[in-house]
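Overview (structure and organization)
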Amino acid sequence: MKKVFLLIIRFYQVVISPIKPPTCRFYPTCSHYGMEAIKRYGALKGGWLTIKRISKCHPFHPGGIDHVPEKSSSRNPDS
């Protein structure tokens, strides 16, 4: 599933994105964010992070730098 999502995003980057005017208000772009999120977290969580990011793409959100969150090394750092 992970490879399918990555292929879809890559298709968008190569075929669709070049014919659209650049309008992304975030860095990195949503497609690059999606690729990194899916590579780091897998199809389910990475896909969810990508959907959350794309949902911020509207005129009322200021945009800016929004990197994929780092994976934590342990679930409970207090133990």
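Heads up: the structure comes first, above all this text.
The text that follows walks through the structure, step by step, so that each part is easy to find. Sequence positions are assigned chain by chain, starting from 1 and proceeding in written order. Owing to the predicted nature of the model, reporting of local features is limited to residues with pLDDT of at least 70; listing and counting of side-chain atom pairs is limited to 80 or more, with chain, interface and lining totals taken over all residues. Here the side-chain values reflect all heavy atoms present in the structure, with hydrogen atoms and water set aside.

**Some words on a positive patch on the surface**
Keep this limit in mind: The patches reported here contain residues having more than 30% relative accessible area and no salt bridge. Joining distances are 9 Å for like charges and 5 Å for nonpolar side chains (Val, Leu, Ile, Met, Phe, Trp, Tyr). Residue exposure ignores everything except the shown protein chains as possible cover, and the areas themselves are Shrake-Rupley values with a 1.4 Å probe. In what follows, salt bridge is the name for a side-chain nitrogen of Lys or Arg lying within 4 Å of a carboxyl oxygen of Asp or Glu. Positive charge is attributed to Lys and Arg, negative charge to Asp and Glu, and no charge count is given to His or to the chain ends. Throughout, a charge is located at the NZ atom of Lys, the CZ atom of Arg, the CG atom of Asp or the CD atom of Glu. Secondary structure elements are defined from DSSP: runs of H or I of at least 4 residues count as helices, runs of E of at least 2 residues count as strands, and each element is numbered from the N terminus. Exposure classes here rest on a 1.4 Å probe applied to the protein chains alone. A residue is buried below 20% of its type maximum, exposed above 50%, and partly exposed in between.
Where like charges cluster on the molecular surface, the positive patch consists of Lys2, Arg10, Lys39, Lys45, Lys52 and Lys71. Listing elements by their share of the positive patch, those giving two or more residues are α1 (2-16) and α3 (43-55). As for its position among the elements, Lys71 is in the segment after β2 (64-65). The class of Lys71 is exposed, set by a relative accessible area of 53%.

**With respect to the packing of α1 against helix α2 (residues 30-41)**
The cut-off we apply is this: Angles here are taken between N-to-C directions and fall from 0 to 180 degrees, while the axes themselves are lines fitted to C-alpha atoms, restricted in helices to the stretch in contact. Angles below 35 degrees are treated as roughly parallel, those above 145 as roughly antiparallel, those between 65 and 115 as roughly perpendicular, and all remaining angles as oblique. Handedness of each helix crossing follows the sense of rotation of the near helix against the far helix: counterclockwise by less than a right angle gives left-handed, clockwise gives right-handed. The contact criterion used is simple: two residues touch if any of their non-hydrogen atoms lie within 4.5 Å.
Here α1 crosses α2 at 165°, and the two axes come no closer than 10 Å. Viewed along their axes, α1 and α2 adopt a mutual orientation that is roughly antiparallel. Crossing geometry of α1 relative to α2 is assigned as left-handed. Here Lys2, Phe5, Leu6, Ile9, Arg10, Tyr12 and Gln13 of α1 come into contact with α2, specifically with Ser31, His32, Gly34, Met35, Ile38 and Lys39.

**Re unusual backbone geometry**
Cis geometry marks the peptide bond from Tyr27 to Pro28; its omega dihedral reads -5°. Assignment of secondary structure puts Pro28 in the loop between β1 (26-27) and α2.

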